[in-house]
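Summary of the model geometry
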Amino acid sequence: MFKIYSLKKTLFVVCLFITTALFAQTAKYSNEFLNIGVDAGSFGMANAVVANTGDVNSGYWNPAGLLELEDNQLSLMHASYFANIANYDYAAFAMPLDKNSAVGISIIRFGVDDILNTTQLIDDQGNIDYNRISLFSTADYGVTFSYARHLPLDGLRFGINAKVVRRIIGDFASSWGFGLDAGVKFETKNDWKFGLMARDITTTFNAWNIDEDKFAEIQGAVEGQNQDLPETTEITIPKLQFGVGKEFDLHSEFSLLAEADLNFRFAQTNDIISTSFTSITPAMGVQGGYADIVFVRMGVGNFQNITQLDGSESISFQPNIGVGFKYKGIKVDYALTDIGDQSAALYSNVFSVTLDWSLFR
């Protein structure tokens, strides 16, 4: 029993400080909760929406798309990850200011609640005392303020995001972060759309505050490890998403929306195109619509090079599907991500609803 709980204590320490152990370096995966995506409709298309986005959710995908709003909109989303251990929630509001500009605000929370803190389970004499177990939560918050405006060139739009990041690990550590995103959209006369979204263009900066008293309590939990207080600064490197898309009118009241994106990270990762300068993974999505009421979506993305246990390599990918219904200013969407368990990610059910202010007029 003693060994079991010692192992739990070890695992807790590793999990607690894994996010801070490399703070002195520029991180490949810092603030990753802000890269998950929003809106079940977008998830159904494997997040290949940077060119076609044109509603309240554009504040996340490409703020230039907010200029396609005709009225105020509100969006809400919920998703569960890792067998319902983690909850991912999102809310956004956007409105046009005039014919040439629009604004929006969005809030994201990714959290794991009621985590068992077993660091004090065993006292100095080696006795196990269950009354020494406590609970804590870890949560990441992102608040984004968006502004979009038409540019003098016909069909060209520009948007910018200012975001504040708050991350909390119980009473152990917390941080504040700040950064900027920028997006551009261009639509040709024959309705082809091009989108470019640059995230963390200023390299988002996170400053952590670590409770040194809490750290001292678990500092020696793993002999020879975690003995030094971690660095307290973290920098998120920029990322780019480029997309091309178009909506086609089919027979009668049927339509087809299609888009292909390329996602760039300026670091060497497991993406299918990977160099020391940048790594690239594609994403593709389609949406079939009927009478602008019913929508069916499919998408595939997150292509990764995977090394198997026997040393061989393969390519994994993440296929998504989704459906949506829109009626009198109310839009309800559902997406199932990673169907068939084709990638390393676990499948998730995503629900979202979008309300247009025309509903109340």
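Residues numbered from 1 in each chain as written. Predicted model: local features only at pLDDT ≥ 70, side-chain atom pairs only at ≥ 80, totals over all residues. Heavy atoms only, no water.

Topic: the overall build of the protein chain
Looking only at helices and strands, the protein chain features four helices and 18 strands. Residues classed as buried in the protein chain amount to 44% of the 361 residues present. Sequence-distant contacts in the protein chain: of pairs separated by 6 or more residues, those separated by 24 or more amount to 57%. A total of about 18400 Å² of accessible surface is found on the protein chain, and carbon and sulfur atoms cover 60% of it. (Helix = DSSP H or I, 4+ residues; strand = E, 2+ residues; numbered from the N terminus. Buried < 20%, exposed > 50% of the residue type's maximum accessible area, 1.4 Å probe, protein only. Contact = heavy atoms within 4.5 Å. Areas by Shrake-Rupley, 256 points an atom, 1.4 Å probe, with all protein chains shown as cover.)

Examining the layout of surface pockets
In this structure, the second largest pocket occupies an estimated 920 Å³ of space. What lines the second largest pocket is a set of 33 residues, and nearest its centre among them are Gly54, Asp55, Asp292, Lys326 and Lys331. For the lining of the second largest pocket, the secondary structure elements donating two or more residues are α2 (40–44), β11 (239–249), β12 (254–265), β14 (279–290), β15 (294–307), β17 (330–337) and β18 (348–356). For the lining of the second largest pocket, the leading source of residues is β12, giving three residues. Residues of the lining of the second largest pocket, tallied by class, amount to nine nonpolar, 11 polar and 13 charged. (1 Å grid on protein atoms, 1.4 Å probe; cavity = no way out; pocket = protein on both sides within 12 Å on 5 of 7 lines; lining within 4 Å. Points joined across faces, edges and corners; volume = space filled by probe spheres on them. Nonpolar A, V, L, I, M, F, W, Y, C, P; charged D, E, K, R; others polar.)

Observations concerning the side chain of Asn320
Positionally, Asn320 belongs in strand β16 (residues 313–327). Of the polar contacts made by the side chain of Asn320, one reaches the backbone oxygen of Phe43; its length is 2.9 Å. Sequence-distant contacts of Asn320, defined by excluding residues within four places in its chain, comprise Phe43, Gly44, Ala46, Arg297, Met298, Gly299, Leu336, Thr337 and Asp338. (Polar contact = N/O pair within 3.5 Å; in protein donor to acceptor, adjacent residues only side chain to side chain.)

Observations regarding the side chain of Asp356
Inspection of the secondary structure assignment puts Asp356 in strand β18. With relative accessibility at 16%, the residue Asp356 sits in the buried group. Separated by 3.0 Å, the side chains of Asp356 and Gln73 make a polar contact. For Asp356, the contacting residues outside a window of four places in its chain are Asp71, Asn72, Gln73 and Gly329.

Some points on empty space enclosed by the protein
Tallying each qualifying case throughout the model produces three cavities of 30 Å³ or more. As a volume, the largest cavity reaches approximately 90 Å³. Contributing to the lining of the largest cavity are Leu34, Asn35, Gly59, Tyr60, Ser106, Ile108, Thr144, Asn161, Lys163, Asp181 and Arg199. For the lining of the largest cavity, the elements supplying multiple residues, two or more each, are α3 (58–61), β4 (101–117) and β6 (156–169). Taken together, the residues of the lining of the largest cavity sort by class into three nonpolar, five polar and three charged.

Remarks on the environment of Phe93
Secondary-structure assignment places Phe93 in strand β3 (residues 86–98). By relative accessible area, Phe93 is classed as partly exposed at 25%. Along the primary structure Phe93 and Asn57 are separated by 36 residues, whereas in three dimensions their C-alpha atoms are 8.4 Å apart.

Quick word on the packing of aromatic side chains
For any two aromatic rings, the description comes down to two numbers: the centre-to-centre distance and the angle of the planes. With the rule as written, the count across this model stands at 11 aromatic pairs. Where Phe266 meets Phe277, the ring centres are 5.6 Å apart and the plane angle is 70°; that geometry is what we call edge-to-face. Within this pair, whereas Phe266 is found in the loop between β12 and β13 (273–274), its partner Phe277 is found in the loop between β13 and β14, the two being separated by 11 residues in sequence. Its relative accessible area of 31% is what places Phe266 among the partly exposed residues. With relative accessibility at 59%, the residue Phe277 sits in the exposed group. Through a chain of ring-to-ring contacts, three or more aromatic side chains come together here, namely Tyr81, Tyr88 and Phe110. When the ring centre of Phe295 is taken as reference, the NZ or CZ atom of Lys331 above it lies at 5.8 Å. (Phe/Tyr/Trp six-rings, centres within 6.5 Å; stacked < 30°, edge-to-face > 60°. Lys NZ or Arg CZ within 6 Å of the ring centre and 35° of its normal.)

Examining the environment of Leu67
Mapped onto the secondary structure, Leu67 falls in the loop between α3 and β2 (73–81). Classification of Leu67 as buried rests on a relative accessible area of 14%. Contact partners of Leu67, with chain neighbours within four places excluded, come to Asn100, Ser101, Ala102, Ala148, Arg149, His150 and Arg157.

Thoughts on the nonpolar core
Counting 30 residues, the largest nonpolar core has Val38, Phe43, Tyr81, Tyr88, Ile108 and Val350 as the members making the most contacts within it. Every element with two or more residues in this core is listed here: α2, α3, β2, β3 and β4. Take this core: its biggest share by element is five residues, from β3. Sequence-distant contacts of Val350, defined by excluding residues within four places in its chain, comprise Ala40, Phe43, Met77, His78, Ala79, Asp333, Tyr334, Ala335 and Thr337. Counting seven residues, the second-largest nonpolar core is a separate cluster that includes Ile169, Ala173, Trp208 and Ile210. (Core = buried A, V, L, I, M, F, W, Y, C linked by side-chain atoms within 4.5 Å.)

Description of the pattern of salt bridges
In the structure shown here, the tally under the stated rule is 13 salt bridges. The shortest N-O distance in the salt bridge between Glu68 and Lys193 comes to 3.8 Å. Note that Glu68 is positioned in the loop between α3 and β2 and Lys193 in strand β8 (residues 193–199), a separation of 125 residues in sequence. Relative accessible area serves as the criterion here: at 25%, Glu68 is assigned to the partly exposed category. The buried category is assigned to Lys193, whose relative accessible area is 15%. Glu234 is the salt-bridge partner of Arg167, the closest N and O atoms lying 3.5 Å from each other. Taken together, the residues span a long stretch of sequence, with Arg167 in strand β6 and Glu234 in strand β10 (residues 233–236) at a distance of 67 residues. Across this residue pair, the class does not change: Arg167 and Glu234 are buried. Each of Glu68, Arg157, Lys185, Glu187 and Lys193 takes part in one network of salt bridges that share partners. (Salt bridge = Lys/Arg side-chain N within 4 Å of Asp/Glu carboxyl O.)

So, to be careful, I would describe these as geometric facts and stop short of saying anything about function.
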